Amino acid sequence: MQRWRGLEDIPEDWGRSVVTIGSYDGVHRGHQLIIRHAVERARQLGVPSVVVTFDPHPSEVVRPGTHPPLLAPHHRRAELMAELGVDALLILPFTTEFSKLSPADFVVKVLVDRLHAKAVVEGPNFRFGHKAAGNVEFLSAQGKVYDFEVEVVDLYVSGDAGGGEPFSSTLTRRLIAEGDVEGAGEILGRPHRVEGVVVRGAQRGRELGFPTANVETLPHTAIPADGVYAGWLHAQDEVMPAAISVGTNPQFNGTERTVEAYAIDRVGLDLYGLHVCVDFLAYVRGQAKFESLDALLEQMALDVARCRELVAAADA
């Protein structure tokens, strides 16, 4: 998959293409419907498929300080889109100047002049251009002028997550914030992932016999609610069952929220300075302060045993 940052990165000889535009944070199952449709339509027409997205999130530019927690960083979204068969990913730097482009100017500058759209695939509530004034009806009218089709795909999928609410990035963020990583995983079609570099913490886990990888997460990452979770630690091209702790470590009067992963039944791992990924499978219990260190150790052993069971069942 080709990756471009900015309109100037698009090859000069780029021909017609099928395009879909959106933040696509998380590339959840609703997003996948739209992206797959764009890929299939592109193949039918014999042209490449292109996903257009933005960095930073438009809300951070339009309403500073309102950047939503991110379900996946851009490189992860790119991996997921490549798996869906997308031919090219265009990340447009979202600046104040860019935010002032009218819907008509956006169509001409992005879809017509640079991507030479033959078809555009979107969800029914797609909005674009200055003050989100453009919609699919406007886009369809522009398509008649500039010779591209507009296809609207219903991205709404529902299941058990959120009590049957339609799947969305907003619902996914809410479930993660509540600790319902299983519900979030249903929407995403995979476990929610948090990633970052392993840094040195207080090393209490090592002293207690449960050495953990303290992950310095990427900015704006959607972090699950405080508690203990079962999941996996991805490091050095290896996937390891893990017991994951999120929180402030109240047993030791901590104040900073951390994400720490203990690789179950692994000895002698040295992950400091490495970029790792943590996948959240299931919620085990909430954060708690125990009466004694022995009580904490007893609970940690129970937590690890429970996490081992949950991961083994998921891997079976």
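Check the entry above for the structure.
A brief report on the enclosed structure follows. Quick caveat, the model's predicted, so the values are computed rather than measured.

Calculation notes
- Every chain is numbered on its own, with residues counted from 1 as its sequence reads.
- For this predicted model, a pLDDT threshold of at least 70 governs which residues receive local features, and a threshold of 80 or more governs which side-chain atom pairs are given and counted, while totals over whole chains, interfaces and linings are taken from all residues.
- Hydrogens and waters are ignored; side-chain quantities use all the structure's heavy atoms.
- Helix numbering and strand numbering both begin at the N terminus, where a helix is a DSSP run of H or I of at least 4 residues and a strand a DSSP run of E of at least 2.
- One less than the number of residues in a helix, times 1.5 Å, gives the span that helix is expected to have.
- Burial here depends on accessible area, computed with a 1.4 Å probe over protein chains only, as a share of the maximum for the residue type. Under 20% is buried, over 50% is exposed, and the range in between is partly exposed.
- When the centres of two rings from Phe, Tyr and Trp lie within 6.5 Å, Trp using its six-membered ring, the rings pair. Their planes under 30 degrees apart give stacked, over 60 give edge-to-face, and anything left gives tilted.
- Either the NZ atom of lysine or the CZ atom of arginine qualifies as a charge over a ring when it sits within 6 Å of the ring centre and within 35 degrees of the ring normal.
- If DSSP finds at least two bridges between two strands, the strands pair.

1. Digging into helix α1 (residues 29–45)
Here is step 1: With 17 residues, α1 ought to run about 24 Å at 1.5 Å a step, and its terminal C-alpha atoms sit 24 Å apart, in line with that.
Here is step 2: What α1 keeps buried is the set Gly30, His31, Gln32, Ile34, Ile35, Ala38, Val39, Arg41 and Ala42.
Here is step 3: Phi turns positive one or two residues past the end of α1, at Gly46, with a value near 75 degrees.

2. Focus on the packing of aromatic side chains
Here is step 1: The final tally for this structure, using the stated rule, is 11 aromatic pairs.
Here is step 2: Summarising the aromatic geometry, the rings of Trp4 and Trp14 are spaced 4.8 Å apart at their centres and angled 85 degrees between planes, so their arrangement reads as edge-to-face. With Trp4 in strand β1 (residues 2–5) and Trp14 in the loop between β1 and β2 (17–21), this pair connects stretches of sequence that are 10 residues apart. Note on accessibility: Trp4 and Trp14 belong to one class, buried.
Here is step 3: Their ring planes at 80 degrees and their centres at 5.3 Å tell us that Phe210 and Tyr262 sit as a pair that is edge-to-face. Here Tyr262 lies in strand β11 (residues 258–263) and Phe210 lies in the loop between α9 (204–208) and β8 (213–217), a separation of 52 residues in the sequence.
Here is step 4: Residue class for Phe210 comes out buried when judged on its relative accessible area of 15%.
Here is step 5: Of the aromatic side chains, those joined through ring pairs into one cluster are Phe54, Phe94, Phe98, Phe106, Phe126, Phe128 and Phe138.
Here is step 6: Against the face of Tyr272 rests Arg200, its NZ or CZ located 3.8 Å from the ring centre.

3. Describing the pairing of strand β3 (residues 49–55)
Here is step 1: Among the 7 residues in β3, 6 count as buried, and that is most of the element.
Here is step 2: Pairing geometry for β3 and strand β4 (residues 88–93), over 6 bridges, is parallel. Note that in β4 the partner of Asp55 across the bridge is Pro93.

4. Digging into the pairing of strand β10 (residues 238–247)
Here is step 1: Across 9 bridges, strand β9 (residues 227–235) lies against β10 in antiparallel orientation. What sits directly across from Ala235, in β10, is Glu238.
Here is step 2: The antiparallel hairpin formed by β9 and β10 contains 2 residues in its connecting segment, where Gln236 sits at a positive phi of about 50 degrees.

So yeah, pure geometry; function would need other evidence.
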